[in-house]
Amino acid sequence: MAVEEDAEQGFMPQKKKSSSDEDKRRKKIVPGSLMKALMRPGGGDSRPSDGDQVIYHCTIRTLDGVVVESTRPDHGGKGVPIRNVLGKSKMILGLLEGIPTMLKGEVAMFKMKPQLHYGEDDCPISVISDDMGVVKKVITEGKGWESPREPYEVKAWISAKTGDGKEIVSRTQGEPFFFTFGKTEVPKGLEMGIGTMARGERAIIYVTSQYLTQSPFMPEVEGIEEVHFDVELVHFVQVRDMLGDGRLIKRRIQDGKGDFPMDCPLHDSLLCVHYKGMLLYEENRVFYDTRIDNNGQPLEFSSGEGLVPEGFEMCVRLMLPGEIALVTCPPDYAYDKFPRPANVPEGAHIQWEIELLGFEMPKDWTGMNFQSIMDDAEKIRSTGNRLFKEGKYELAKAKYDKVLREFNHVNPQDDEEGKVFVDTRVSIWFTSVPFLKLLWLLFLTYINPFGADFLFILDTKNLLHLNVAACYLKMGECKKSVETCNKVLEANPAHVKALYRRGMAYMAAGDFEEARTDFQMMIKADKSSEPDAKAALLKLKQKEQEVERKVRKQFKGLFDKKPGEISHAGTEEEEDKTLAKDQKEGDDGDSDGNNSEESHEAVEDVRQASWFSFWPTGRRLFSSLGLQRCTIL
């Protein structure tokens, strides 16, 4: 592959490497990594050294004989030799070490390991594809670290020549070429190369035939073995497919200030935005504009609290201060699950034009006094309870997790707070020894030298763990719900609410025996919980009967036939009808109801056991079928 090289380029000022960097490069040279074969001897007895100018022709091939680059005309080059200054010009390590071994006029072949040529970090030419079908040489460095990727919108000046210098596409006039990354609007190899460029960078991208796909930019590619693209990346617009299915798209139309994503809003930040809402398929009819309908005042809201549509918040969280973005949003991420403005029809696709004016970072508990920390924790927990009641379980869980996480990083500031914030690991250690569990609980209840606040913190953390467990249960993650309840029960095995919630998680997962044990343990631990425990046990019995009915229907007559006879299994339609009936009769009591700590979840009364109750329990029935354990998901 040919490389265009101006005679003066070797003398461009280079930043001198430190001796440590140079030593680090030379350490890559190990026995067998660089080998030399003499093709034609040279004359004289002097060899070049650091600081000397060297003028040479060079052809680089792969081991299969494919030419990567060359200065010679018979290999696609222009016939102009390379001029470098040893130790100052940017050269691949193999040549930097090999050329000083040569005499004037000598022709030699060097065989190099990857770390001495294009695999080197400081190489002037970067290999884009492993087979060297796409190679890039940087002419002018760009700015920033971000590179275009699908589905970014790109503007670039592009010209193209064949390997022998014939012009195919002249530099576009008037406006840079515009294309959408990932839409096959330019050849594949060219797009791969542009995908490694920074804004403002100029580079030569060498593309061989296997990467020259047809495109609007180059409709004719047959018969062309190699193309050299001269590319200057002018600008690209960040376009993000937020869901990965093309429905929720964020398009940056004005850059913000700062570096993405480090300077984007964090969770729980207070955001300040102006926005304009439009109906996408009604000629972008505006239904709300903060600059008009809000007396010119921007909208302020805290992220992670469900105060704006989900699609709106997802996109704002990826914006920089001062950025303006155009967001296209489907109904289920707009107003189908959020209070819908009166002038927005049901099922409407929305387009928002959003400007992030700025944001305030969430409070840092470091340095705050104990009372301020607990007030802030209570505020966050209350927000989590509201989100739970609204059915936004993931957001609620994030609030509870935040408080639990922050508690672990809070340190007391004086002796009094030190008594309050005694390390809870003491409690865990004591309760890990069976004999000391009761002593520890009695100690905390009747003696407790740490003060009432210590018990308050322990109780708050327990309640938060149980709220997280309730969120997991609502999200269908029963195993995680059980694991979270265990964190409370490890310190207090008789915690009634933890037993109840773990029992509900076991029941939802189909682990009926474990659920029954927890509900029965509730009665032993606290007689006042007996009504809730008995209601849960009745519900559990109903669930077991539902499973038994399903199994009976599925294996109807399976064990009543003689050998050789065909048994009749319940049809899928019959099973669906039975399950639908069971769902109607029994699932009304599944809700956890109120998630507050003042009361247990309300459990509806369940009807008395039906005539199916004479059938064996689920575990014995599964055993009779040869199944030692059956989990209903």
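Residues numbered from 1 in each chain as written. Predicted model: local features only at pLDDT ≥ 70, side-chain atom pairs only at ≥ 80, totals over all residues. Heavy atoms only, no water.

The chain is annotated in an unreviewed UniProt entry as peptidylprolyl isomerase from Trema orientale. According to UniProt, the comment filed for the chain under the heading Catalytic activity (unreviewed entry) is "[protein]-peptidylproline (omega=180) = [protein]-peptidylproline (omega=0)". (UniProt positions renumbered as here; feature names shortened; annotations may be inferred.)

Caption draft 1: Quick peek at the UniProt feature "repeat: TPR" (unreviewed entry) in the chain. In this structure's numbering, the residues bearing the UniProt feature "repeat: TPR" (unreviewed entry) are residues 496–529. The straight-line gap between the two end C-alpha atoms of residues 496–529 is 7 Å; of that span, 82% is helix and 0% is strand. (Helix = DSSP H or I, 4+ residues; strand = E, 2+ residues; numbered from the N terminus.)

Caption draft 2: Just the pattern of salt bridges, in detail. Taken as a whole, this structure holds 24 salt bridges when the rule is applied. Ionic pairing is found between Glu355 and Arg291, a salt bridge with its closest N-O pair at 2.6 Å. With a gap of 64 residues between them, Glu355 in strand E20 (residues 350–360) and Arg291 in helix H4 (residues 290–293) connect regions that are remote in the sequence. The exposure class of Glu355 is buried, given its relative accessible area of 18%. Between Asp518 and Arg502 there is a salt bridge, with the nearest N and O atoms lying 2.8 Å from each other. Taken together, the residues span a long stretch of sequence, with Asp518 in helix H14 (residues 512–525) and Arg502 in helix H13 (residues 496–509) at a distance of 16 residues. Judged on exposure class, the residue Asp518 and its partner Arg502 are both buried. Salt bridges sharing partners connect three or more residues here, namely Lys250, Arg252, Asp255 and Glu323. (Salt bridge = Lys/Arg side-chain N within 4 Å of Asp/Glu carboxyl O. Buried < 20%, exposed > 50% of the residue type's maximum accessible area, 1.4 Å probe, protein only.)

Caption draft 3: Representation of the environment of Met361 in the model. Residue position: Met361 is located in the loop between E20 and helix H6 (370–389). Between the C-alpha atom of Met361 and that of Leu270, which follows or precedes it by 91 residues, the distance is 6.7 Å. Excluding anything up to four places from it in sequence, Met361 contacts Leu266 and Ser269. (Contact = heavy atoms within 4.5 Å.)

Caption draft 4: Quick look at H6. When the terminal C-alpha atoms of H6 are compared, their 29 Å separation across 20 residues agrees well with the 28 Å that a helix rising 1.5 Å per residue should span. Taken as a whole, H6 has its buried residues at Phe370, Ile373, Met374, Asp376, Ala377, Ile380, Arg381, Thr383, Gly384, Asn385, Leu387 and Phe388. Two residues or fewer past H6, Gly391 is found with a positive phi of approximately 85°. (Expected span 1.5 Å × (residues − 1).)

Caption draft 5: Broad picture of the packing of H14 against helix H15 (residues 530–554). At a closest axis distance of 8 Å, the pairing of H14 and H15 adopts a crossing angle of 165°. The angle between H14 and H15 falls in the class roughly antiparallel. You can see that H14 and H15 cross each other, and the crossing is left-handed. Residues Phe512, Ala515, Arg516, Phe519, Gln520, Met522 and Ile523 of H14 form the contact with H15, whose participating residues are Glu530, Asp532, Ala533, Ala536, Leu537, Leu540, Lys543, Glu544 and Val547. When grouped by side-chain class, the residues that make up the contact of H14 with H15 number ten nonpolar, one polar and five charged. (Axes fitted to C-alpha atoms, helices over the stretch in contact; angles between N-to-C directions. Parallel < 35°, antiparallel > 145°, perpendicular 65-115°, else oblique. Left-handed = near helix turned anticlockwise from the far one by under 90°. Nonpolar A, V, L, I, M, F, W, Y, C, P; charged D, E, K, R; others polar.)

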